[in-house]
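# Inside the fold
Single-letter residue listing:
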Amino acid sequence: MRKFLEVVAVSVLLLLLVVNTAYGQSTAVSKGIQWISTQQSPEGYWGNPTTAPERDTGDIVEAINELDRTDLSTEVISGLERAAGWFKTRDVDNFDFLSRKARTLKIVGEDVSQYVEQLVNAQNYDGGWGLAKDFESSIPDTVQALKLIMTQQRQYETVVGKGVEYLLSQQNTEGSFSFNKGLEGDLEISSEIISLLSSLEDKNTVVKTGIENAKKWLMTQRQSDGGFGQASSEAKSTACAYYALIQSGASPVELSSTLQYLSDNQMENGSWDNDLITTALAVRAYKDAKANLVINKEDITFSNQNPIEGSGVTVTAKVKNFGAIKAENFSIEFYDGNPVSGGLLIGQKYVISSLLPGEETEVKNQWNVLTPGKKAVYIKVDSGSAVKESNEFDNIAYNTLNVLPLPDFKIEADDLSFSPRVPGNGEKVSITAFITNWSEGQALRAKVTFYSGDPDKGGVLIGEAAMPDIIEAWGTTKVSIQYAFNVGTHKVYAVVDPENEVAETDESNNKSWFEVQVPPKKDLEITNTDIIYSPLQPTQGETVKIAAVVKNSNIDTAKDVAVRFYDGDPKNNGVLIGEDLISQIDGGLTGQAQMNWDTQNKIGIHYIYVVVDEANIIVETNEGNNRAIVTIPVNYSSSSLNGIDLEINSQEIVLSPQTLLF
């Protein structure tokens, strides 16, 4: 079979929400960071120095730090360090600023344990924190305190646990959070708490339920344009919600229109709304805004799970993009075996130009499998790392197929039969051949031909039949034909796959033969009433003449019919007492055999058996009616009674009792 390669890329939308023209991460992030960098003061802070620059600076540093460091320039990293240097000079008088300051210093490697201890020691009895020590607990201050303490979560598990319990106790009935319990749900504070709780290493059922309820409420704030807002979409609210939902495990594909909203609303200068915090949060939202090419075992299928060696099989691979942005110019490769361990490339490397979020592409590769055995076919996606992905560990998968060896049609004399066993001249004979697949490989349908005589020596084709089904490994199937033979002996040959259309491991066992004998139609028959003898009451020493009438119940003449006479059952040591030969019995007529039997010393009852053609020299349609039996009693003769005088007198008569009563 000519080897060919075929690639078919079929894009199938998995969801209705897709990104039509999303920016790549590097473009949106770099433009946003560039704008933020231009807004940093020479001292290192961001924001208005008279209106809480600690809050803006801390949030911006934390947002930028969450990005991949490879996306950050030296200048940007230097800006983070300058922000930390500025924070060092700042004396903070509340826990909100203290937490932001400590988290910024920790990012640049500073020891912040003293700040952590300060917050731990200031935790209120209800588990929350206020603006300062001994202040009433509030949701925003508790969130900021936990953000710092959770950087050392294992050391302060009890403290963190109490803080989380406090937050969950403040959750509104519909699932939202606000600055104070009972107020209208706030989208940004709810998003921040979802992110915080999702980052916990261990989550009990109560925490998981709280997160899910908050997410459900948050999704009610999603607008028709994909953005989020409590009345209409806003960039800041959208950035907060997108980040929180992704951190909590939501599918980037399901939120692709949300990312599209952010992309559409980035300004030419790189900012969002010319606002520092909004821009920082939007940039942070792109933290996981990457493509995610996925291939799983079930995405790899075969046109035949059990192909035969040397045959072709179509391998189909479906690759999906479960990421948030478009994947471009990535490769798909097929391997016979693990490519890491030297697996061989099957065909060529295929390149997919574009795959949008939520789409899948289907690639087909025709592979000529040469050797039998279990094969692991690997699919490797984006081997050149052309696409930056949120998960690089789901780009390779494999599935297995079992390549079977070539089949082996086998037929022997015992696999051939015919019916009836004694066909007549011109009578249709049903010939059956059983064909075995003597191999572990599956055998495809093939033709079986039948010949009268060896086909290699001029035998005549008398019929052919196709196998009714595929023969599995070591399986058997049968075919039959009918043919009318003339009288005589016929060698009938059966040949499997005579034109060698099916490749086999052994082509030498595809032919066998048997004999069909078509005799003239004869049926020699004798019954008990067909045996006569004379005299009817023979005495010892008389010669008894026994005659047997044999009938030929069929149509053809029987010649030289041997008839034997036995005293007793010949199958049980009966004695042959005579035999005769009927030269000819025409169809439908009778013939007679006879013998003379000397009864000297034969007094008694004798069972005389007559057996026709005992040696089965004549082929008959019925061999079960060739025996009959007659009973002949031989009596004493008068001469054998000479000298016998029976006598009785009165003295020899004895009465008992002596007196008889009448």
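From a predicted model like this one, the values you see are computed outputs, not experimental measurements.

Where helix H2 (residues 53–65) meets helix H4 (residues 95–107), the closest approach of the two axes is 9 Å, and the angle between their N-to-C directions is 35°. Crossing of H2 over H4 shows left-handed handedness. Listed contacts from H4 to Glu54, Arg55, Gly58, Asp59, Val61, Glu62 and Asn65 of H2 are Asp96, Phe97, Arg100, Arg103, Thr104 and Ile107. Tallied by class, residues from the contact of H2 with H4 come to three nonpolar, three polar and seven charged.

Formed by 107 residues in total, the largest nonpolar core has its most connected members in Trp129, Ile149, Phe330, Phe334 and Ile379. Here the element with the most residues in this core is helix H10 (residues 235–247); it accounts for eight residues. The contacts of phenylalanine 330, once residues within four sequence positions are left out, are Leu293, Val319, Tyr350, Val351, Ile352, Leu355, Thr361, Val381, Asp382 and Val387. Grouped together as the second largest cluster of nonpolar side chains are 26 residues, Phe409, Leu416, Ala433 and Met467 included.

What follows is about the environment of valine 319. In this structure, valine 319 sits in strand S4 (residues 312–321). Taking C-alpha positions, valine 319 is 8.0 Å from valine 381, a pair spaced 62 residues apart along the chain. The contact partners of valine 319, leaving out residues within four places of it in the chain, are Leu293, Val294, Ile295, Phe330, Ile332, Leu355, Glu359, Glu360, Thr361 and Val381.

What follows deals with the layout of surface pockets. Taken as a whole, the largest pocket spans an internal volume of roughly 1,000 Å³. Residue lining of the largest pocket: 37 residues in total, with Glu62, Arg103, Gln144, Lys147 and Glu192 positioned closest to the centre. Secondary structure elements with two or more residues in the lining of the largest pocket: H2, H4, helix H6 (139–149), helix H8 (187–198), H10 and helix H12 (276–285). By residue number, the principal contributor to the lining of the largest pocket is H8, which donates seven residues. The residue inventory of the lining of the largest pocket, partitioned by class, reads twelve nonpolar, nine polar and 16 charged.

This part is about the environment of serine 137. Among the secondary structure elements, serine 137 is positioned in the loop between helix H5 (113–120) and H6. Residues serine 137 and tyrosine 125, twelve residues apart in the sequence, show an inter-C-alpha distance of 9.2 Å. Apart from the residues lying within four places of it in its own chain, the contact partners of serine 137 are Asn124, Asp126, Gly128, Trp129, Gly130 and Tyr166. In terms of polar contacts, serine 137 uses its side chain to reach the side chain of asparagine 124, at 2.8 Å.

Spatial ordering of the open sheet is given by S23-S22-S25-S26, a layout of four strands whose pairing is antiparallel. The open sheet has two edge strands with one neighbour each: strand S23 (575–585) and strand S26 (627–634). Pairs of neighbouring strands in the sheet enclose a mean axial angle of 20°, with direction left out of account.

In a regular helix each residue adds 1.5 Å, so 13 residues correspond to 18 Å; H10 covers 18 Å between its end C-alpha atoms and thus fits that length. Of all 13 residues in H10, eleven are buried; the element is thus mostly enclosed. Among the residues of H10, Ala235, Ser237, Thr238, Ala239, Cys240, Ala241, Tyr242, Tyr243, Ala244, Leu245 and Ile246 are the ones counted as buried. Packed against the buried residues of H10 are H8, helix H9 (205–219), helix H11 (256–264) and H12. Backbone geometry just downstream of H10 places glycine 249 in the positive-phi region, at approximately 105°.

What follows concerns the sheet that holds strand S14 (residues 447–452). Ordered by their spatial adjacency, four strands build an open sheet running S15-S14-S17-S18, and the pairing between neighbours is antiparallel. Bordering the open sheet on either side are strand S15 (460–466) and strand S18 (511–518), each of which pairs with just one other strand. Here the average twist between neighbouring strands, direction ignored, is 20°. Examined bridge by bridge, strand S17 (residues 488–496) and S18 share eight bridges and lie antiparallel to one another. In the strand pairing of S18, tyrosine 493 is matched with tryptophan 513.

Our focus in this paragraph is the side chain of aspartate 454. With respect to the helices, strands and loops of the structure, aspartate 454 is situated in the loop between S14 and S15. A relative accessible area of 16% places aspartate 454 in the buried class. Looking at aspartate 454, its side chain comes within polar contact range of the side chain of lysine 511, at 3.2 Å. Not counting chain neighbours up to four residues away, the residues in contact with aspartate 454 comprise Gly459, Tyr493 and Lys511.

Further remarks concern the confidence of the model for the protein. Do not read the fine detail of predicted coordinates wherever pLDDT is low. Residues at a pLDDT of 70 or more form 92% of the protein, whose mean pLDDT is 89. Here residues 1–25 is a poorly scored stretch, pLDDT under 50, and it has 70 contacts once near neighbours within four places are set aside; other chains count.

Here we come to H9. Over its 15 residues, H9 extends 21 Å from the first C-alpha to the last, a length consistent with the 21 Å expected when each residue adds 1.5 Å. Taken as a whole, H9 has its buried residues at Val207, Gly210, Ile211, Ala214, Lys215, Trp217 and Leu218. Looking straight down H9, one finds that the buried residues subtend no more than 160° of arc, so they occupy a single side. Residues Thr205, Val206 and Lys216 are exposed on H9 and point more than 90 degrees away from its buried face. Taking the backbone nitrogen of valine 206 as reference, a side-chain oxygen 3.1 Å away marks asparagine 204 as the first, capping residue of H9.

With that out of the way, let us pick up the packing of H2 against helix H3 (residues 74–88). Look at H2 against H3: their axes get within 11 Å of each other, and the N-to-C directions meet at 145°. Our pair here, H2 against H3, has a crossing hand that is left-handed. Note on element contacts: H3 touches H2 through Val76, Leu80, Ala83, Trp86 and Phe87, opposite Pro53, Glu54, Thr57, Gly58, Val61 and Ile64. Of the residues that constitute the contact of H2 with H3, the class distribution is eight nonpolar, two polar and one charged.

Applying the stated criterion across every chain, the model contains nine aromatic pairs. Centre to centre, the rings of tryptophan 272 and tyrosine 286 are 6.4 Å apart; their planes meet at 40°, and the pair counts as tilted. Taken together, the residues tryptophan 272 in the loop between H11 and H12 and tyrosine 286 in the loop between H12 and strand S2 (293–294) connect sequence positions 14 residues apart. Residue class for tyrosine 286 comes out buried when judged on its relative accessible area of 0%. Between tyrosine 483 and phenylalanine 485 the ring centres are 4.9 Å apart and the planes differ by 75°, which places this aromatic pair in the edge-to-face class. When its relative accessible area of 30% is taken as the criterion, tyrosine 483 is described as partly exposed. Its end group placed over the ring of tyrosine 243, arginine 284 keeps NZ or CZ at 3.7 Å from the ring centre. The residue whose ring lies beneath lysine 491 is tryptophan 513, and the NZ or CZ to ring-centre distance is 4.4 Å.

Rules of the game
- Counting starts from 1 at the beginning of each chain's written sequence and moves along it residue by residue.
- With the structure being a predicted model, the display of local features is reserved for residues of pLDDT at least 70 and the display and counting of side-chain atom pairs for 80 or more, all residues being used for whole-chain, interface and lining totals.
- Each side-chain value is worked out from all heavy atoms of the structure, with water and hydrogens disregarded.
- Note on definitions: angles span 0 to 180 degrees between N-to-C directions of axes, and those axes are lines fitted to C-alpha atoms, for helices only across the stretch in contact.
- Helix and strand definitions here come from DSSP, where helices need a minimum of 4 consecutive H or I residues and strands a minimum of 2 consecutive E residues; each element is numbered from the N-terminal end.
- Each crossing gets its handedness from the near helix: less than a right angle anticlockwise from the far helix is left-handed, clockwise is right-handed.
- Contact definition: two residues touch when any of their heavy atoms are within 4.5 Å.
- All amino acids are sorted into three groups, where Ala, Val, Leu, Ile, Met, Phe, Trp, Tyr, Cys and Pro are nonpolar, Asp, Glu, Lys and Arg are charged, and the leftover types, Gly among them, are polar.
- Throughout, nonpolar core names a set of buried Ala, Val, Leu, Ile, Met, Phe, Trp, Tyr and Cys residues whose side chains join them through atoms within 4.5 Å.
- For each residue, the accessible area found with a 1.4 Å probe, counting protein chains only, is set against the maximum for its type, and the residue is called buried under 20%, exposed over 50%, and partly exposed in between.
- Residues are said to line a cavity or pocket when one of their atoms sits within 4 Å of a point; the points come from a 1 Å grid over protein atoms alone, cavities being sets where a 1.4 Å probe fits but cannot get out and pockets being open sets with protein on both sides within 12 Å along at least five of seven lines.
- Grid points are joined across faces, edges and corners, and a volume is the space filled by probe spheres set on the points.
- Polar contact criterion, stated in full: a pair of N or O atoms within 3.5 Å, where within protein one must be able to donate a hydrogen and the other to accept it, and residues adjacent in sequence count only if both atoms are side-chain atoms.
- Between any two strands, pairing holds if DSSP finds at least two bridges.
- To estimate the expected span of a helix, count its residues, drop one, and scale the result by 1.5 Å.
- Scored from 0 to 100, pLDDT records how confident the predictor is in each individual residue.
- Note that the arc is defined by the directions from the helix axis to the C-beta atoms.
- Working definition: a ring pair exists when centres of Phe, Tyr or Trp rings (six-membered ring for Trp) sit within 6.5 Å. Plane angles under 30 degrees give stacked, over 60 give edge-to-face, the rest tilted.
- Criterion for a charge above a ring: Lys NZ or Arg CZ within 6 Å of the ring centre, and within 35 degrees of the ring normal.

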